[in-house]
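# Fold and contact review
One letter stands for each residue in the lines below.
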Amino acid sequence: MPTARQQEFESLIAPHLSSLYSTALRMTHNQNDAEDLVQDTLYKAFRAFDQYQKNTNFRAWAFRILVNTYITAYRKAIRQPQKVSYDDLEEFYLYKKLDESISLQETAKEDFLENFFEDDVKDALENLPYQFRLVVLLCDVEGFSYNEIANIINTPLGTVMSRLYRGRKLLQRYLWSYAKKRGYVLNEKN
Amino acid sequence: MKKTNQKKYDCAEIEKRVQAYLDNHLSDEEILMIEDHLSYCLPCDKKVEFEQKLKEIIKLKAAEKEYPKALEDELKKIIRNR
Ligand SMILES: [Zn+2]
């Protein structure tokens, strides 16, 4: 018979298995590693469960353990971000590119987004430097607030915002290049 | 000319705040200022709408809907063996 504490942990964590796995998969790029990462996270979370304060944000707490576990396991593999200047990345990049290349109707611009393959979106995300990828996933896919993300990745709010904004701008560039490769946009003017 | 104290956002200020706006990280006052601008500036309104749509598409297409069932077994093992 499981104890009450075991049952409590299981009922708290079970609803988040798929989002933990989803994030792990985007971070590790493959299913086996993602499964290992989530498994380690579950193990650590259960061992640390005494430190979890009742009625606080359990989901953010679990993600914080996932992120720490990821960083510990991949410390060596995670390189410093490339010395690329991100300052010239402009806002509304994809929209502007679409506007420049073909005179699409507004509805067609939204169709353009709908038409991306899931794999293109996943690839674009997985190509982001990991710090950017992590905040974009936590915000856009998992729906965490800026403050929750700051807490999960243990980083000041301003850093969260700058990584998120740069990450998204970079993501738009990748999506644009996929769109061209796939032939979604045929006649780009120069 | 009548002078009003109410400053209005220009397009550059919308561009600067669009992401925080879509992430619901602005004050009520800032939200009103943005929505005021969007109510008469069609180009910004279109762009903001497009960004909103992109955010939705990312969530829709990048979230895994399934996870390995083995994880559930692992979870049971972890909580029972310790
Ligand atoms: Zn405007």
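Residues numbered from 1 in each chain as written. Chains lettered and ligands numbered in written order. Predicted model: local features only at pLDDT ≥ 70, side-chain atom pairs only at ≥ 80, totals over all residues. Heavy atoms only, no water.

## Considering the domain arrangement of chain A
Residues and elements named next belong to chain A. Domain boundaries in chain A define domain 1 (4–79) and domain 2 (108–181). Between domain 1 and domain 2, the C-alpha centre-to-centre distance is 21 Å. Counting residues at the interface gives 17 residues for domain 1, matched by 15 residues for domain 2. Carbon and sulfur atoms make up 60% of the area that domain 1 and domain 2 hide from each other, which totals about 1,600 Å². Looking at the side of domain 1 facing domain 2, the largest losses of area belong to Arg26, Met27 and Arg64, adding up to 38% of the total buried there. (Domains from an automatic or database assignment. Contact = heavy atoms within 4.5 Å. Buried area = accessible area lost by both parts, 1.4 Å probe.)

## A look at the interface of chain B and chain A
With 36 residues of chain B in contact, the opposing surface of chain A contributes 50 residues. Of the roughly 4,400 Å² buried at the junction of chain B and chain A (both faces included), carbon and sulfur atoms supply 65%. Applying the counting criterion to the chain B and chain A interface returns nine salt bridges. Of the charged contacts, one joins glutamate 114 of chain A and lysine 53 of chain B as a salt bridge, the two residues approaching to 2.6 Å between their closest N and O atoms. At the boundary of chain B and chain A, one finds 19 residue pairs in polar contact (both at pLDDT 80 or more). For the side of chain B that touches chain A, the secondary structure elements donating two or more residues are α1 (11–22), α3 (42–62) and α4 (70–81) of chain B. (Salt bridge = Lys/Arg side-chain N within 4 Å of Asp/Glu carboxyl O. Polar contact = N/O pair within 3.5 Å; in protein donor to acceptor, adjacent residues only side chain to side chain. Helix = DSSP H or I, 4+ residues; strand = E, 2+ residues; numbered from the N terminus.)

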